[in-house]
Amino acid sequence: MDYETVRSVDPEVADALDGELDRQQNTLSMIASENHVSEAVLEAQGSTLTNKYAEGYPGKRYYAGCENADTVEELAIERAKDLWGAEHVNVQPHSGTQANMGVYFAVLEPGDKILSLDLTHGGHLSHGHPANFAGKLYEVEQYEVDAETGRIDYDAVRERAEAFDPDIVVSGYSAYPREVKWDRIQEAADAVDAYHLADIAHITGLVAADVHASPVGIADFVTGSTHKTIRAGRGGIIMTGEEFADDVDSAVFPGGQGGPLMHNIAGKAVGFKEALQPEFAEYAEQVVANAKAIGERLQEHGFTLVSGGTDTHLVLVDLRDSHPDVSGGDAEAALEAADIVLNANTVPGETRSAFDPSGIRIGTPALTTRGFDEAAMETVADLIARVVDNVDDEAVLSEVSANVDRLTDEFPLYE
Ligand SMILES: Cc1ncc(COP(=O)(O)O)c(C=O)c1O
């Protein structure tokens, strides 16, 4: 992979693109929301569809010349229906956040009420944080995970719903390592006659591969990002039943967006085709097996995992017991210096600031794409433990970085 044409026009950007390729090849990407898409997806996203205006939907566009845009969007929709079994799919949201916006705009009025999980307990900004449009436009009440177990307390969600009487209940999370019981959230929504939005941004791939239970057919709306575990072109997706199809489509365009990013939709179509192949189910199973392997090994090293383990693609480490003098930010910085890239994260019952919280979130989708198995993940856990035990020791960070080099050579990327 080279950027010679870009280089001939813009060497500064070409340097950054080369640098990013090199960074991804030579570091361990463990940010739970990231993945490495295939070269086919990259090529589709870099295609001439970036030039095309295609406001509207297949067969009903506001511009001429949309026949190829129609083909690509129809393929993305049909493949998404095959993957997740939804009646109606909209593949135009520019991101997972825009997908959530599309649902809110479809069924809520400004001032309506959202019940969602607190950000510091694993929720997402677009579920109603005051800094996000959702927090500004709607009245938001938040539930929390159980302080002891780190898991959703479904009875408490229902009680909170009965007290708050929301118009929509949001499930689906950014930093929740356990399987979500969608039917229990649905019961809470039904109890107060509210809509239910299940945001599977992180676990789209796990749900498509039946490695995590599906909310499709339970929740009124299912949203997601398309570049995380599903490993397709960057963007968002909304799935719903026929009864909400028109409201969702008009909430996305013209309600919240203009022209769809057709090159990204091409990337979604290609990635969805890849995810329909039998190998993808093996990949998704390995993602979870790898998260369990790294979690168990970190526990052997004395680390505390929120909820005591994982059923998904991530583990959330609470450093307070094992490393009271190391913040999430300290750990993130030291790990990055050793070429292991992940993010500091708030943990339930957070006692530090959101900018330098008490935990780290560790995800396995990207390394699993590179071919890492459980044994390799145990090695990675050993390296993480070594760094977090020695955040200020330059010699240790160099030694771990050399070990990372060996791993990235063994599991190459974009050769
Ligand atoms: C639960 C959840 N919803 C929505 C999003 C937003 O996705 P995007 O970055 O595609 O807007 C994220 C991002 O990580 C997420 O975790």
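Here the structure is a predicted model, which means the values were calculated and not measured. (Residues numbered from 1 in each chain as written. Predicted model: local features only at pLDDT ≥ 70, side-chain atom pairs only at ≥ 80, totals over all residues. Heavy atoms only, no water.)

**Describing the nonpolar core**
For step 1, the next point in the chain: The biggest cluster of nonpolar side chains holds 57 residues, and the ones touching the most others in it are Trp-84, Ile-152, Ile-230 and Phe-272.
For step 2, the next point in the chain: Of all the secondary-structure elements, those providing two or more residues to this core are α4 (67-84), β5 (113-117), α7 (154-164), α8 (182-191), α9 (204-208), β10 (236-240), α11 (262-275) and α12 (278-300).
For step 3, the next point in the chain: Residue contributions to this core peak at seven residues, all from α4.
For step 4, the next point in the chain: Each of domain 1 (4-30 + 278-410) and domain 2 (43-275) contributes no fewer than three residues to this core.
For step 5, the next point in the chain: Setting aside its immediate chain neighbours within four residues, Phe-272 contacts Ala-76, Arg-79, Ala-80, Leu-83, Trp-84, Val-91, Thr-226, Ile-230, Ala-232 and Ile-237.
For step 6, the next point in the chain: Counting residues in hydrophobic clusters, the runner-up holds 37 residues, among them Ile-294, Phe-303, Leu-305 and Met-377. (Core = buried A, V, L, I, M, F, W, Y, C linked by side-chain atoms within 4.5 Å. Buried < 20%, exposed > 50% of the residue type's maximum accessible area, 1.4 Å probe, protein only. Helix = DSSP H or I, 4+ residues; strand = E, 2+ residues; numbered from the N terminus. Domains from an automatic or database assignment. Contact = heavy atoms within 4.5 Å.)

**A word on the UniProt feature "site: Plays an important role in substrate specificity" (unreviewed entry) in the chain**
For step 1, the next point in the chain: In the UniProt entry, the feature "site: Plays an important role in substrate specificity" (unreviewed entry) is given for His-227.
For step 2, the next point in the chain: Tracing the sequence through the fold places His-227 in the loop between β9 (221-225) and β10.
For step 3, the next point in the chain: Once residues lying within four places of it in the same chain are set aside, the contact partners of His-227 are Ser-33, Asn-35, Ala-232, Gly-233, Arg-234 and Gly-235.
For step 4, the next point in the chain: For His-227, the side chain forms a polar contact with the main-chain nitrogen of Gly-235, separated by 3.1 Å. (UniProt positions renumbered as here; feature names shortened; annotations may be inferred. Polar contact = N/O pair within 3.5 Å; in protein donor to acceptor, adjacent residues only side chain to side chain.)

**Observations regarding the pattern of salt bridges**
For step 1, the next point in the chain: The final tally for this structure, using the stated rule, is 16 salt bridges.
For step 2, the next point in the chain: Across the salt bridge formed by Asp-18 and Arg-7, the nearest N and O atoms sit 2.6 Å from each other. Separated by eleven residues along the polypeptide, Asp-18 in helix α2 (residues 11-26) and Arg-7 in helix α1 (residues 4-9) bring together distant segments of the chain.
For step 3, the next point in the chain: For Asp-382, the salt bridge is made with Arg-297, and the minimal N-O distance between the two is 2.8 Å. Here Arg-297 lies in helix α12 and Asp-382 lies in helix α16 (residues 374-389), a separation of 85 residues in the sequence.
For step 4, the next point in the chain: Looking at Asp-382, the relative accessible area reads 26%, which means it is partly exposed. (Salt bridge = Lys/Arg side-chain N within 4 Å of Asp/Glu carboxyl O.)

**Some thoughts on the domain arrangement of the chain**
For step 1, the next point in the chain: Considered domain by domain, the chain is made up of domain 1 (4-30 + 278-410) and domain 2 (43-275).
For step 2, the next point in the chain: Relative placement of domain 1 and domain 2: their C-alpha centres are 27 Å apart.
For step 3, the next point in the chain: Between domain 1 and domain 2, the contact holds 25 residues from the first and 25 residues from the second.
For step 4, the next point in the chain: Counting the surface lost from both domain 1 and domain 2, the interface buries some 2000 Å², and carbon and sulfur atoms represent 61% of this.
For step 5, the next point in the chain: The largest per-residue losses of area from domain 1 upon contact with domain 2 belong to Phe-280, Ser-307 and Asp-311, which jointly make up 32% of the total buried on that side.
For step 6, the next point in the chain: Taken together, the connections running from domain 1 to domain 2 amount to one salt bridge.
For step 7, the next point in the chain: Counting across the interface, domain 1 meets domain 2 through eleven residue pairs in polar contact (both at pLDDT 80 or more).
For step 8, the next point in the chain: Mapped onto the side of domain 1 that touches domain 2, the elements with two or more residues apiece are α12, β12 (314-318) and α15 (365-370).
For step 9, the next point in the chain: Its residues assigned to classes, the side of domain 1 that touches domain 2 shows twelve nonpolar, ten polar and three charged. (Buried area = accessible area lost by both parts, 1.4 Å probe. Nonpolar A, V, L, I, M, F, W, Y, C, P; charged D, E, K, R; others polar.)

**Describing the UniProt feature "domain: Serine hydroxymethyltransferase-like" (unreviewed entry) in the chain**
For step 1, the next point in the chain: Sequence positions flagged by UniProt for "domain: Serine hydroxymethyltransferase-like" (unreviewed entry) are, in local numbering, residues 7-384.
For step 2, the next point in the chain: What you have in residues 7-384 is 44% helix and 15% strand, and the ends, taken at the C-alpha atoms, are 36 Å apart.

**Some thoughts on α2**
For step 1, the next point in the chain: With 16 residues, α2 ought to run about 22 Å at 1.5 Å a step, and its terminal C-alpha atoms sit 22 Å apart, in line with that.
For step 2, the next point in the chain: Against the buried residues of α2 lie α1, α15 and α17 (394-410). (Expected span 1.5 Å × (residues − 1).)

**A closer look at the site of the ligand**
For step 1, the next point in the chain: Near the ligand the following residues occur: Ser-95, Gly-96, Thr-97, His-124, Tyr-173, Ser-174, Asp-199, Ala-201, His-202, Ser-225, His-227 and Lys-228.
For step 2, the next point in the chain: Between the ligand and Ser-174 there is a distance of 2.6 Å, counted from an oxygen atom to a side-chain nitrogen or oxygen.
For step 3, the next point in the chain: A distance of 2.5 Å separates a nitrogen atom of the ligand from a polar atom in the side chain of Asp-199.
For step 4, the next point in the chain: Contact with the protein chains removes 86% of the 390 Å² of surface that the ligand exposes when unbound.
For step 5, the next point in the chain: Grouping the constituent residues of the shell around the ligand by class yields two nonpolar, eight polar and two charged. (Near = heavy atom within 4 Å. Areas by Shrake-Rupley, 256 points an atom, 1.4 Å probe, with all protein chains shown as cover.)

**What about the pairing of strand β8 (residues 195-199)?**
For step 1, the next point in the chain: Counting buried positions along β8 yields four of five residues, so the element is predominantly enclosed.
For step 2, the next point in the chain: Relative to β8, strand β7 (residues 168-171) is paired through four bridges, and the arrangement is parallel. Along β8, the bridge assignment pairs Val-169 with His-196.
For step 3, the next point in the chain: With α8 bridging β7 and its parallel neighbour β8, the resulting β-α-β unit is right-handed.
For step 4, the next point in the chain: One ladder, built from three bridges, connects β8 with β9; its direction is parallel. Each residue of the ladder has a partner; that of Asp-199, found in β9, is Thr-223. (Pairing = 2+ DSSP bridges. Right-handed = clockwise from strand over helix to strand, strands pointing away.)

**Focus: the sheet that holds strand β14 (residues 343-345)**
For step 1, the next point in the chain: In spatial order, the strands read β11-β12-β15-β14; together these four strands make up an open sheet with antiparallel pairing. Each edge of the open sheet carries a strand with a single partner, namely β11 (304-305) and β14.
For step 2, the next point in the chain: Where β11 and β12 come together, two bridges link them in antiparallel fashion. Bridge pairing in β12 links Leu-305 to Val-317.

**Examining the sheet that holds β5**
For step 1, the next point in the chain: Taken together, seven strands build an open sheet; the order of strands is β4-β10-β9-β8-β7-β5-β6 and the sheet is mixed. Each edge of the open sheet carries a strand with a single partner, namely β4 (88-90) and β6 (139-143). Taking the axes of each pair of neighbouring strands and ignoring which way they run, one obtains an average angle of 20 degrees across the sheet.
For step 2, the next point in the chain: As paired strands, β9 and β10 are joined by five bridges and run antiparallel to one another. In the strand pairing of β10, Ser-225 is matched with Gly-236. (Axes fitted to C-alpha atoms, helices over the stretch in contact; angles between N-to-C directions.)

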